[in-house]
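Structural description and commentary
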There are 2 protein chains.
Amino acid sequence: MAVKDSKTEQLIKETAQQVFLKEGRMLATTQDIADAAGVNRTLLHYYFRSRDQLFDTVFVEALTELRSRIHDVIGSQLAFVPKIEALVQAFLEVLVQHPFLETFITLQINQQPERYEELFVQLPGGKERLKTFLKEIEREMELGTIPQMKPIQYFINLFALLAYPHIARPLLQKMFDLSDTAYKKILQERKTVVLALLLHQYKTKDQ
Amino acid sequence: MAVKDSKTEQLIKETAQQVFLKEGRMLATTQDIADAAGVNRTLLHYYFRSRDQLFDTVFVEALTELRSRIHDVIGSQLAFVPKIEALVQAFLEVLVQHPFLETFITLQINQQPERYEELFVQLPGGKERLKTFLKEIEREMELGTIPQMKPIQYFINLFALLAYPHIARPLLQKMFDLSDTAYKKILQERKTVVLALLLHQYKTKDQ
DNA sequence: GTCTATATCGGGATAGAC
DNA sequence: GTCTATCCCGATATAGAC
């Protein structure tokens, strides 16, 4: 290919992004994507060789963005509270762009656990940063800023509160009969909800 | 078929349960299941007509159990705190039996949102109970027992904290290098973690 | 680079013998 | 009820013309 990232190649990739990560149609066929992009299906193969590779390109790109942003925040020199705030913010920003990314992550790691290393710990110092972060959580509990529990439980709470509303979005939207706009508002509001809960700063009515 | 639920039929169903809900192999083929059960693949069709119907049988059965248990607890006359406790307990018990049920739920509703009504609100008074529960949450906030936020946010927190560790289990297990046993212990511990967080009863070190 | 035509393959499903 | 053989189809993938 003469020009790297030709116009058509770009178009196909962006369409795949749209279909997979914004619409959540994880089983979309090459034909679906070709139709959505308005190109001949053969071109997907011409540029990306296989459906798998196209999927992977799109998925890994989005994943890398999320991973590296979290990596940066966790490894930063911020104090605990602003660090958690930055983490929530970063997560939210990426997920707004790729609403189904979290669903895909859980799915992929489910079906190809052998790719975990490649997908999640490739950033330099990834494991160490994680350990340090757990230490920071522990230290904060010592200081009495946040409730005491096993640091890993705090970590799980953090990502549960952040990720679940995205993973279960279709379910929750149906359950409470919420429009896209209404749900987006809920997601935005969660920023303060999650922070208050995680930083133990919630006010009850009597306080 | 002369005998309802013949031995072979039972065997196939239980194997499907094992493969789908306990091992999380949601893309398992009819051949995979036949092999696991040690029967001829044709028998799956003989008893369940299609892969879809076999899948559905297993999935709906587990889902019905979870749904009806939650339904019962939410609709019970328990006071708020014991009600939340019962909810956490019920959820945990079902998920121990079907570790991947939550993953399947989010996935299914994702791919067939039109089946939401059929799958989730078929129990009598389902919608009303949900509304009543939200009211109870609201009232509890008025009483100052739990932090103030939109009731739906509290509801999302509840299920996020309960469901996420199951949905993201493969990821978390890899991330922290935990054995099955170690992870199960984490899950058991979550009962108190989640309750403390939800009921706002956590103690920090200084308290 | 883009198209049409065609090959290939896996998996679901059924007919019919036993 | 269980098996073998076969059919069918959708989806991926490639060859080769333009």
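What you are looking at is a predicted structure, and each value in this text was computed from that prediction instead of being measured.

Once that is clear, we can look at the protein's contact with DNA strand C. Near DNA strand C, the surroundings consist of 16 residues, among which N40 and Y47 of chain A together with T30, R41 and R51 of chain B are the closest. Looking at DNA strand C alone, sugar and phosphate atoms form 63% of those within 4 Å of the protein. Within the side chain of N40 of chain A, an N or O atom sits 3.3 Å from a phosphate oxygen of DNA strand C. Note that a phosphate oxygen of DNA strand C is positioned 3.2 Å from one of the side-chain N or O atoms of H45 of chain B. Those elements giving two or more residues to the surface near DNA strand C turn out to be α3 (41-48) of chain A together with α3 (41-48) of chain B. Per-element tally for the surface near DNA strand C: the top contributor is α3 of chain A, with 4 residues.

Here we come to the protein's contact with DNA strand D. Neighbouring residues of DNA strand D: 16 residues in total, closest T30, R41 and R51 of chain A together with N40 and Y47 of chain B. For DNA strand D, the backbone portion of the atoms within 4 Å of the protein, that is sugar and phosphate, comes to 60%. Between DNA strand D and T8 of chain B there is a distance of 2.9 Å, counted from a phosphate oxygen to a side-chain nitrogen or oxygen. At the level of secondary structure, the elements contributing two or more residues to the surface near DNA strand D comprise α3 of chain A together with α3 of chain B. A breakdown of the residues in the surface near DNA strand D according to their chemical character gives 5 nonpolar, 9 polar and 2 charged.

Right, let's get into the pattern of salt bridges. Residues and elements named next belong to chain B. Taken as a whole and judged by the stated rule, the model has 18 salt bridges over all chains. With a shortest N-O distance of 3.1 Å, E23 and R25 are connected by a salt bridge. Note that D32 and R25 form a salt bridge whose closest N and O atoms lie 3.9 Å from each other. A relative accessible area of 30% means that D32 is categorised as partly exposed. Given a relative accessible area of 34%, R25 falls into the partly exposed group.

Where helix α9 (residues 151-167) of chain A meets helix α9 (residues 151-167) of chain B, the closest approach of the two axes is 8 Å, and the angle between their N-to-C directions is 100 degrees. Between α9 of chain A and α9 of chain B, the angle is such that the two are roughly perpendicular. Contacts from I156, N157, F159, A160, L161, A163, Y164, P165 and I167 of chain A in α9 of chain A reach I156, N157, F159, A160, L161, A163, Y164, P165 and I167 of chain B in α9 of chain B.

Formed by 150 residues in total, the largest nonpolar core has its most connected members in I84, Y154 and Y164 of chain A together with I84, Y154 and Y164 of chain B. Excluding residues within four positions of it along the chain, I84 of chain A makes contact with F133, Y154, L195, L198 and L199 of chain A.

Now for the interface of chain A and chain B. Taken together, the contacts link 58 residues of chain A with 58 residues of chain B. Of the roughly 5,400 Å² buried at the junction of chain A and chain B (both faces included), carbon and sulfur atoms supply 69%. Residue E189 of chain A pairs with K150 of chain B through a salt bridge whose shortest N-O separation is 2.8 Å. Seen at the junction of chain A and chain B, the total is 10 residue pairs in polar contact (both at pLDDT 80 or more). Elements with a contribution of two residues or more to the side of chain A that touches chain B: α6 (101-111), α7 (116-120), α8 (126-143), α9, α10 (169-175) and α11 (180-198) of chain A. Looking at which element gives the most residues to the side of chain A that touches chain B, the answer is α9 of chain A, with 12 residues. Its residues assigned to classes, the side of chain A that touches chain B shows 37 nonpolar, 11 polar and 10 charged.

When the parts come together, some accessible area is lost, and that loss is often what is quoted as the size of the interface. Residues and elements named next belong to chain A. For chain A, the assigned domains are domain 1 (1-49) and domain 2 (61-198). Between domain 1 and domain 2, the C-alpha centre-to-centre distance is 29 Å. Listed per partner, the contact involves 8 residues of domain 1 and 10 residues of domain 2. For the pair domain 1 and domain 2, the summed buried surface comes to about 780 Å²; carbon and sulfur atoms form 67% of the total. Sorting the residues of domain 1 by area buried against domain 2 places L21, K22 and M26 first, and these three jointly supply 70% of that buried surface. Inspection of the region where domain 1 meets domain 2 yields 1 salt bridge. Residues K13 and E61 are paired through a salt bridge, measuring 3.0 Å at the closest nitrogen-oxygen approach. Applying the counting rule to domain 1 against domain 2 returns 4 residue pairs in polar contact (both at pLDDT 80 or more). Residue classes in the side of domain 1 that touches domain 2 are distributed as 3 nonpolar, 2 polar and 3 charged.

What follows concerns the environment of V39 of chain A. Residues and elements named next belong to chain A. Assignment of secondary structure puts V39 in the loop between α2 (30-37) and α3. Assessed through its relative accessible area of 17%, V39 is described here as buried. Separated by 160 residues in the primary sequence, V39 and L199 place their C-alpha atoms 50 Å from one another. Residues contacting V39, with those up to four places away along its chain left out, are T8, L11, I12, A34 and L44.

Here the focus is the relation of the copies chain A and chain B. If you rotate chain A by 180 degrees and push it 0.0 Å along the axis, it lands on chain B with an RMSD of 0.0 Å. Here the copies are linked by what is in effect a two-fold axis. Scanning chain A for the C-alpha nearest the rotation axis identifies A160 of chain A, at a separation of 2.7 Å. The overlap is high: 100% of the interface residues of chain A also sit at the interface in chain B, so the same surface is used on both sides.

To continue, consider helix α11 (residues 180-198) of chain B. Residues three or four positions apart in an α-helix share a direction because the helix packs 3.6 residues into each turn. End to end, α11 of chain B covers 26 Å across 19 residues, agreeing with the expected 27 Å (1.5 Å per residue, within 8%). Along α11 of chain B, the positions that sit buried rather than exposed are Y183, I186, L187, R190, V193, V194, L195, A196, L197 and L198 of chain B. The inward-facing, buried residues of α11 of chain B contact α9 and α11 of chain A together with α5 (80-97), α9 and α10 (169-175) of chain B. Directly beyond the C-terminal end of α11 of chain B, a positive phi value near 60 degrees is found at H200 of chain B.

Calculation criteria
- Residues numbered from 1 in each chain as written.
- Chains lettered and ligands numbered in written order.
- Predicted model: local features only at pLDDT ≥ 70, side-chain atom pairs only at ≥ 80, totals over all residues.
- Heavy atoms only, no water.
- Near = heavy atom within 4 Å.
- Polar contact = N/O pair within 3.5 Å; in protein donor to acceptor, adjacent residues only side chain to side chain.
- Helix = DSSP H or I, 4+ residues; strand = E, 2+ residues; numbered from the N terminus.
- Nonpolar A, V, L, I, M, F, W, Y, C, P; charged D, E, K, R; others polar.
- Salt bridge = Lys/Arg side-chain N within 4 Å of Asp/Glu carboxyl O.
- Buried < 20%, exposed > 50% of the residue type's maximum accessible area, 1.4 Å probe, protein only.
- Axes fitted to C-alpha atoms, helices over the stretch in contact; angles between N-to-C directions.
- Parallel < 35°, antiparallel > 145°, perpendicular 65-115°, else oblique.
- Contact = heavy atoms within 4.5 Å.
- Core = buried A, V, L, I, M, F, W, Y, C linked by side-chain atoms within 4.5 Å.
- Buried area = accessible area lost by both parts, 1.4 Å probe.
- Domains from an automatic or database assignment.
- Least-squares fit on C-alpha atoms with pLDDT ≥ 70 in both.
- Expected span 1.5 Å × (residues − 1).

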